[in-house]
Amino acid sequence: MQGRKENIISTSDKMESFKKKIYLWLSCIKNDDFKCFSSVEESKIHLSINQKTELKNIMYEHLLTLSRNLKSYFPSLLTTEIQWVVSLYGPCGEKNIKNANLSSTEKEQLLEISSDTTLKSKFYMSENDSFWISLQNEYPEVSKKALQILLPFSTSYMCESAFSILGVTKTKKRSTLKDIESELRVSLSTIRPRIEDLCSIRQSQESH
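Since this is a predicted model, take the numbers as computed values, not measurements.

Considerations on a nonpolar patch on the surface
Nonpolar side chains collect at one region of the surface, where I195, L198 and I201 lie side by side and expose about 330 Å² of accessible area between them. Among the structural elements, I195 can be located in helix α11 (residues 195–200). Exposure remark for I195: the relative accessible area of 52% places this residue in the exposed category.

Okay, here's the thing in structure tokens:
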């Protein structure tokens, strides 16, 4: 769930996927099927019947506890009303528009967007945020609603990245550094600097 492109919908999808996997693993362990756990599958050959039973019970209880904790810390998020942001086209497109928590005027705009074959191609070829940003002039209300859903950080990844870079930049030997906002901005940016252009506008020091 780490990365710059994570949003509340993608993170929620991954959490739901992991919860379902736990249920699958519990079912497999109950039926003495350890193929999902390759290390256990290899090592259980050398175990006695009692050891196998004990291992099975430990794994089952562990996964059961993990499942309960996940439900407690990460309750199911109802993303049905915001699925239109990432799934506007395809067989579920109209259903997602219908379930969207938007005004009737905004839903009309979504229907226009979903019926535009040019925009459909653009939707599949670009990132979600880039697509909705490109519609700011033509569909400002819908675009703003979509970006408000995509913008919030769903994890602390960006904050952790900034702290890591801060630790590397402001070391004990450089503890007197006070204004490092510019350095952090450059370090965290995904834009690659054009070194040759930057060097060309600077006059080189010629020898006398």
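Quick notes on the pattern of salt bridges
Counting across every chain of the model gives 3 salt bridges. We note a salt bridge from K19 to E16, for which the minimum N-O separation is 3.6 Å. With K19 and E16 both in helix α1 (residues 8–30) and 3 residues apart, this pair spans about one turn of that helix. Here E16 falls in the partly exposed class, since its relative accessible area comes to 26%. K56 is paired through a salt bridge with D32; the nearest N and O atoms lie 3.0 Å apart. With K56 in helix α3 (residues 49–73) and D32 in the loop between α1 and α2 (38–43), the pair connects residues that are 24 residues apart, well separated along the chain.

Things to note about the environment of Q83
Turning to its location among the elements, Q83 is positioned in the loop between α3 and α4 (93–99). As a C-alpha pair, Q83 and K95 span 12 residues in sequence and 9.5 Å in three-dimensional space. In contact with Q83, not counting residues within four places along its chain, are I9, D13 and N96.

Conventions and cut-offs
- Residues numbered from 1 in each chain as written.
- Predicted model: local features only at pLDDT ≥ 70, side-chain atom pairs only at ≥ 80, totals over all residues.
- Heavy atoms only, no water.
- Patch = residues over 30% accessible without salt bridge, like charges linked within 9 Å, V, L, I, M, F, W, Y side chains within 5 Å.
- Areas by Shrake-Rupley, 256 points an atom, 1.4 Å probe, with all protein chains shown as cover.
- Salt bridge = Lys/Arg side-chain N within 4 Å of Asp/Glu carboxyl O.
- Helix = DSSP H or I, 4+ residues; strand = E, 2+ residues; numbered from the N terminus.
- Buried < 20%, exposed > 50% of the residue type's maximum accessible area, 1.4 Å probe, protein only.
- Contact = heavy atoms within 4.5 Å.

Purely spatial values, then, with no claim about function.
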